[in-house]
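Notes for the structure review
So the chains spell out like this:
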Amino acid sequence: MDQPDYFSVSRRGVLASGAAGLAAGSISPQVAFAASTPAAERAITMQTVSMRINGKAQTLELDTRTTLLDALREHVKLTGTKKGCDHGQCGACTVIVNGERINSCLSLAVMHEGDEVTTIEGLGTPENLHPMQAAFVKHDGYQCGYCTPGQICSAVSVLKEIADGVPSHVSAELTGPMEASNIEMRERMSGNICRCGAYSNIAEAMAEVAGERA
Amino acid sequence: MKPFSYERVSSPAEAAAAAARAGGAKFIAGGTNLLDLMKLEIETPRHLVDVTGTGLDEITETDEGGLRIGALVSNTALASDERVKRDYAVLSRAIVAGASGQLRNKATTGGNLLQRTRCPYFYDTNQACNKRKPGRGCAAKEGVSRQLGIVGVSDACIATYPGDMAVALRVLDAVVETVKADGTTRAIPLGDFHRLWGDTPHIETVLEPGEMITAVTLPKPLGGTHIYHKVRDRRSYAFALVSVAAVLDADGHGRVAIGGIAPRPWRVEAADAALPDVKVAARALTQGASPTDQNAFKIALVERTLAGVMAKARGEAA
């Protein structure tokens, strides 16, 4: 039996039309904004910022309030990086900036002038997975997948931090080489929450990649 | 988030001048705490001065044999510095006991000292909070106060200074260096940096408006055994209920500072003098405590955590 046309709608399309429905409601965003600032109205400041995202130069004209996360998702349309809590507590928004992982939700986009940003889309492609992406698939390091881009960006950075001698709370010794043990992986990944509870498989995936490199 | 204008500056003097010029300005570096609070409209700066280009991101040796840590040195860089790991291990240990890897990569030495309290009533804008809205009262005293302070607190506010790094800096007798808008500089011992709440819990440090932290200096290494022990409700990525930063010699003499119980890292001269007697030291550290029913356990927890630290210093399993 043929599927009726209305099934051929993407998840993103549904979300987008839902947002449009809200915007068309009785209270416009402008009115809502004015109501929340009864005192002196503040002018919105726009600012230009240039950065390299996944190796590609990008120049963006942004409201200064725009986080790096929103710039990536809403302006550059790289929706692999996810918004979870938007307060630096869950790690879903983790990206790699100048070689270090950060919470992109707690960083203003305009502060990234000249920076090199790597998102999940820049680590690998479906045809050519990054070793960490392949290891997550092999070890089933996810269930719903929402936290996974942040987990993988974090996991890649964790192995680099271990190699660079960055200590963790569970490191027995501060000096000398850091271990890539299971307990180290778990401690170093504590800023990435997975509500499906895939933690043990994530640690296994990381151990495999760490082992291959050792 | 309220709209704000934004500028980048390239020197500390320029930063201080920029902050003085614009009304309602704040400095921003890592931004991990400030931006969080701006999203909740607890912080509402009209202007942000981005100080990340001011070049204060190095750790250098001082003439006195200590270290000068630039205000922009990240938590990760500081905890990973070979000199810090070797000579000021309590500082490395304290830093990696706090936050997450992502946050430590972004958080700076200066900003971390200015981290605001994590009291839930400060964060919830529907609740009364003298720190957020002076004169409105304190919902925490009759509320969920397990995490909150027991010493140095006041009728107006029972919040704690939440950080770990500063507890280690306190035990190391660190000094905060600043520059003011008029270009003058000063050095503030860390023990004098955070104010007790009193009647003005919204004024948290002795910094003047527009005054910027440029560095934190450490005296020459103390030697001894360095320990940071943090007790919390979750094994990782949680704020302290009680933490102990300690530098001890083989006999258990030395110095301790306590985190998680007061508006500032809590260090008491009489407690240091009493070591290695844990009971007397703990009594000195919690003298005059005014806990709530929910956090009175912290008085015993200070003693027990201290006992664990002393055992560890003696080489016993803590």
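Residues numbered from 1 in each chain as written. Chains lettered and ligands numbered in written order. Predicted model: local features only at pLDDT ≥ 70, side-chain atom pairs only at ≥ 80, totals over all residues. Heavy atoms only, no water.

**Things to note about the packing of helix α12 (residues 278-285) of chain B against helix α13 (residues 297-313) of chain B**
Residues and elements named next belong to chain B.
- Between α12 and α13, whose axes approach to 9 Å, the crossing angle comes to 135°. Between α12 and α13, the interaxial angle falls into the category oblique. Taken as a pair, α12 and α13 cross one another with a handedness that is right-handed. In contact with Val278, Lys279, Ala281, Ala282 and Leu285 of α12, α13 contributes Val302, Glu303, Leu306, Ala307 and Met310.
- For the contact of α12 with α13, the class distribution of residues is 8 nonpolar, no polar and 2 charged. (Axes fitted to C-alpha atoms, helices over the stretch in contact; angles between N-to-C directions. Helix = DSSP H or I, 4+ residues; strand = E, 2+ residues; numbered from the N terminus. Parallel < 35°, antiparallel > 145°, perpendicular 65-115°, else oblique. Left-handed = near helix turned anticlockwise from the far one by under 90°. Contact = heavy atoms within 4.5 Å. Nonpolar A, V, L, I, M, F, W, Y, C, P; charged D, E, K, R; others polar.)

**So, the nonpolar core**
Residues and elements named next belong to chain B.
- In this structure, Leu78, Leu91, Leu113 and Leu169 are the most contacted members of the largest nonpolar core, which totals 48 residues.
- The greatest single-element share of this core, amounting to 6 residues, is contributed by helix α9 (residues 165-171).
- Beyond its immediate chain neighbours, meaning those up to four positions away, Leu113 contacts Tyr161, Met165, Ala166, Leu169, Val176, Leu190, Phe193, His194, Ile213 and Val216.
- Residues Ala262, Leu301, Val302 and Leu306 belong to the second largest nonpolar core, which totals 28 residues. (Core = buried A, V, L, I, M, F, W, Y, C linked by side-chain atoms within 4.5 Å. Buried < 20%, exposed > 50% of the residue type's maximum accessible area, 1.4 Å probe, protein only.)

**Quick look at the pattern of salt bridges**
Residue and element names in this part refer to chain B.
- For the structure on display, the rule yields 32 salt bridges over all chains.
- Across the pair Glu43 and Arg116 runs a salt bridge whose closest N-O atoms are separated by 3.1 Å. Of the two residues, Glu43 is situated in the loop between α2 (34-39) and β3 (47-50) and Arg116 in the loop between α7 (109-113) and α8 (120-123); the sequence distance between them amounts to 73 residues. Just as Glu43 is buried, Arg116 falls in that class too.
- Linking Asp233 and Arg146 is a salt bridge whose minimum nitrogen-to-oxygen distance equals 2.8 Å. You can see Asp233 sitting in the loop between β9 (225-231) and β10 (242-248) and its partner Arg146 sitting in the loop between α8 and α9, a full 87 residues away along the chain.
- Using a relative accessible area of 35% as the deciding quantity, one classes Arg146 as partly exposed.
- One continuous salt-bridge network, built from bridges that share partners, spans Lys26, Glu43, Arg116, Lys131 and Glu204. (Salt bridge = Lys/Arg side-chain N within 4 Å of Asp/Glu carboxyl O.)

**Some remarks on the domain arrangement of chain A**
All names here are of chain A.
- What the domain assignment lists for chain A is domain 1 (6-123) and domain 2 (131-213).
- Between domain 1 and domain 2, the residue contacts involve 17 residues of the former and 16 residues of the latter.
- For the pairing of domain 1 and domain 2, the buried interface totals around 1400 Å² over both sides, and the portion due to carbon and sulfur atoms is 56%.
- If you sort the residues of domain 1 by the area they bury against domain 2, Arg101, Ile120 and Leu123 come out on top, with a joint share of 42%.
- The interface formed by domain 1 and domain 2 includes 1 salt bridge.
- Applying the counting criterion to the domain 1 and domain 2 interface returns 7 residue pairs in polar contact (both at pLDDT 80 or more).
- Counting residues per element, the ones that place at least two in the side of domain 1 that touches domain 2 are β3 (94-97) and α4 (120-123). (Domains from an automatic or database assignment. Buried area = accessible area lost by both parts, 1.4 Å probe. Polar contact = N/O pair within 3.5 Å; in protein donor to acceptor, adjacent residues only side chain to side chain.)

**Looking at the sheet that holds strand β8 (residues 212-218) of chain B**
All names here are of chain B.
- Strand order across the open sheet formed by 5 strands is β4-β5-β8-β6-β7, with antiparallel pairing between neighbours. At either margin of the open sheet sits one strand with a lone partner, and together these are β4 (59-61) and β7 (185-189). Put simply, the sheet's adjacent strands are angled 25° from each other on average, direction ignored. (Pairing = 2+ DSSP bridges.)

**Digging into the packing of aromatic side chains**
All names here are of chain B.
- Inspection of every chain in the model, using the stated rule, returns 1 aromatic pair over all chains.
- Residues Phe122 and Tyr123 carry aromatic rings whose centres are separated by 6.0 Å and whose planes lie at 80° to one another, so their mutual orientation is edge-to-face. For the pair formed by Phe122 and Tyr123, the shared burial category is buried.
- We note Lys131 situated over the ring of Trp197; from NZ or CZ to the ring centre the distance is 3.3 Å. (Phe/Tyr/Trp six-rings, centres within 6.5 Å; stacked < 30°, edge-to-face > 60°. Lys NZ or Arg CZ within 6 Å of the ring centre and 35° of its normal.)

**A look at the sheet that holds β3 of chain B**
Residues and elements named next belong to chain B.
- As summarised here, the arrangement of the 3 strands in space is β1-β3-β2, forming an open sheet in which the pairing is parallel. Edge strands, defined here as strands with exactly one partner in the open sheet, are β1 (5-8) and β2 (25-28). Pairwise comparison of adjacent strand axes, ignoring direction, gives a mean angle of 25° for this sheet.
- Pairing of β2 with β3, which is carried by 4 bridges, proceeds in the parallel orientation. Looking at β3, one finds that Ala25 is bridged to His47.
- Where helix α1 (residues 12-21) meets the sheet, its contacts fall on β1, β2 and β3, and the angle it forms with β2 comes to roughly 150°.

**A short note on the pairing of strand β1 (residues 46-53) of chain A**
All names here are of chain A.
- With burial as the criterion, only one face of β1 is covered, namely that bearing Gln47, Val49, Met51 and Ile53; the residues Met46, Thr48, Ser50 and Arg52 on the opposite face remain uncovered.
- With 8 bridges connecting them, β1 and strand β2 (residues 56-63) associate as antiparallel partners. Counterpart to Ile53 in the pairing with β2 is Lys56.
- For β1 and strand β5 (residues 116-118), the ladder comprises 2 bridges, and the chain directions are parallel. Across the sheet, the residue bridging to Arg52 is Glu116, located in β5.

**Examining the pairing of β3 of chain A**
Residue and element names in this part refer to chain A.
- Alternating positions in β3 separate into two faces, Thr94 and Ile96 on one and Val95 and Val97 on the other, with burial throughout.
- In terms of strand pairing, β3 meets strand β4 (residues 100-103) through 4 bridges, oriented antiparallel. Across the sheet, Thr94 pairs through a bridge with Asn103, a residue of β4.
- In textbook terms, the turn of a hairpin is the stretch between consecutive antiparallel strands, and for β3 and β4 this stretch comprises 2 residues, one of which, Asn98, has a positive phi near 50°.
- As paired elements, β3 and β5 share 2 bridges and run antiparallel to each other.

**Describing the interface of chain B and chain A**
- In this assembly, 42 residues from chain B lie in contact with 50 residues from chain A.
- Across the interface of chain B and chain A, roughly 3800 Å² is buried in total on both sides, 53% from carbon and sulfur atoms.
- Sorting the residues of chain B by area buried against chain A places Pro3, Arg93 and Gln102 of chain B first, and these three jointly supply 18% of that buried surface.
- Linking chain B with chain A are 2 salt bridges, by the criterion used here.
- One salt bridge in this structure joins Glu113 of chain A and Arg8 of chain B, with 3.9 Å as the shortest N-O distance.
- Mapped by element, the contributors of at least two residues to the side of chain B that touches chain A are β1, α2, β3, α3 (75-80), α4 (82-87), α5 (89-96) and α6 (101-106) of chain B.

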